[in-house]
Amino acid sequence: RDAQESRGLGDVYKRQGVVIYIAPTPTDLNGDGIENFGLVCSIDDLSASIRWSSDERTTDALGEIVGTGKNNTDIITGIYGNNTTYAAGLANAYTGGGYSDWFLPSIKELQHMYNNKDIIETTALLNGGSAFTPSQCCYWSSTEFDSNGAWVMTNLDFQIVSSKNYTYDVRAVRAF
């Protein structure tokens, strides 16, 4: 099958990224009013050491389910601005594959990435990307817990709340 049109889990979809989630039926996964087929993640980590935010204020970026990461990212960047000094700003600024609509995944979107971690790593490496960083504890999600913490996925494949001041990895996501 044509790799450019492929969109199975772990496939590279139109040079946009690696497929991490296929929607059961087309649905709006990024809030733009257009139905999407799923989500892809970047083939590389964007950072191995970045904070969730620079201060401890509540953002109300509380979306946990698939389809809420983009809204969370928009809320966070609306508060902290469009700069790359924090996790959501870095994901929002990413332009991999020539696209500018990347975002920091919600905790459930990040869970889908981890559910398919082995195949995503293999595909990323075969396409010039990187494996998930095993030495770092965690990857940031866009899902806030409270003014002090946000949800992360650990390299042991479980979710915890961590201080927003800690530094972790970021891998961006976009809908296709």
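The model shown is predicted, which means the values in this text are computed figures rather than measured ones.

(A) Focus on the state of the cysteines. Scanning the entire structure with this criterion turns up one disulfide. A sulfur-sulfur separation of 2.2 Å characterises the disulfide bridge that pairs Cys137 with Cys138. Residue Cys137 is classed as partly exposed on the basis of its relative accessible area, which comes to 31%. Free of any disulfide, Cys41 has its nearest cysteine sulfur in Cys138, 17 Å distant.

(B) Just the environment of Asp11, in detail. Secondary-structure assignment places Asp11 in the segment before strand 1 (18-27). Sequence separation of Asp11 and Asp28 is 17 residues, and the distance between their C-alpha atoms is 21 Å. Within the structure, Asp11 has its side chain in polar contact with the backbone nitrogen of Gly8 (distance 2.8 Å).

(C) Expanded view of the confidence of the model for the protein chain. The predicted model of the protein chain has a mean per-residue pLDDT of 91, with 95% of residues at 70 or higher. In the model, residues 1-5 has pLDDT below 50 throughout and makes nine contacts with residues more than four positions away in sequence or in other chains.

(D) Quick peek at the pattern of salt bridges. Scanning all chains against the criterion turns up five salt bridges. Between Asp101 and Arg174 there is a salt bridge whose closest N-O contact spans 2.6 Å. Taken together, the residues span a long stretch of sequence, with Asp101 in the loop between helix 2 (87-93) and helix 3 (107-115) and Arg174 in strand 8 (residues 173-175) at a distance of 73 residues. Relative accessible area serves as the criterion here: at 23%, Asp101 is assigned to the partly exposed category.

(E) Just the side chain of Ser53, in detail. Of note, Ser53 is situated in the loop between strand 3 (47-51) and helix 1 (69-80). Owing to a relative accessible area of 0%, Ser53 belongs among the buried residues under this scheme. In this view, Ser53 contacts Tyr80, Tyr86, Lys164 and Asn165; residues no more than four positions away in its chain are not counted.

(F) Summary view of the packing of aromatic side chains. All told, the structure shown has nine aromatic pairs when counted by the stated rule. With a centroid separation of 6.3 Å and 85° between ring planes, the pair formed by Tyr166 and Tyr168 is classed as edge-to-face. The exposure class assigned to Tyr166 is partly exposed, which follows from its relative accessible area of 48%. Under the relative-accessibility criterion, Tyr168 is labelled buried at 8%. The structure contains a cluster of three or more aromatic residues connected by ring pairs, namely Tyr114, Phe132 and Tyr139. Between the NZ or CZ atom of Arg171 and the centre of the ring of Phe132, over which it lies, the distance is 4.3 Å.

(G) Seen up close, the pairing of strand 2 (residues 36-41). Counted residue by residue, strand 2 has five buried out of six residues, so it is predominantly covered. Where strand 1 lies against strand 2, five bridges are found, and the strand directions are antiparallel. Opposite Val19, over in strand 2, you have Val40 as the bridge partner. By the bridge criterion, three bridges tie strand 2 to strand 8 in an arrangement that is antiparallel. Bridged to Leu39 within strand 8 is Ala175.

So, how was this worked out
Residues numbered from 1 in each chain as written. Predicted model: local features only at pLDDT ≥ 70, side-chain atom pairs only at ≥ 80, totals over all residues. Heavy atoms only, no water. Disulfide = S-S within 2.5 Å. Buried < 20%, exposed > 50% of the residue type's maximum accessible area, 1.4 Å probe, protein only. Helix = DSSP H or I, 4+ residues; strand = E, 2+ residues; numbered from the N terminus. Polar contact = N/O pair within 3.5 Å; in protein donor to acceptor, adjacent residues only side chain to side chain. pLDDT = per-residue confidence, 0-100. Contact = heavy atoms within 4.5 Å. Salt bridge = Lys/Arg side-chain N within 4 Å of Asp/Glu carboxyl O. Phe/Tyr/Trp six-rings, centres within 6.5 Å; stacked < 30°, edge-to-face > 60°. Lys NZ or Arg CZ within 6 Å of the ring centre and 35° of its normal. Pairing = 2+ DSSP bridges.

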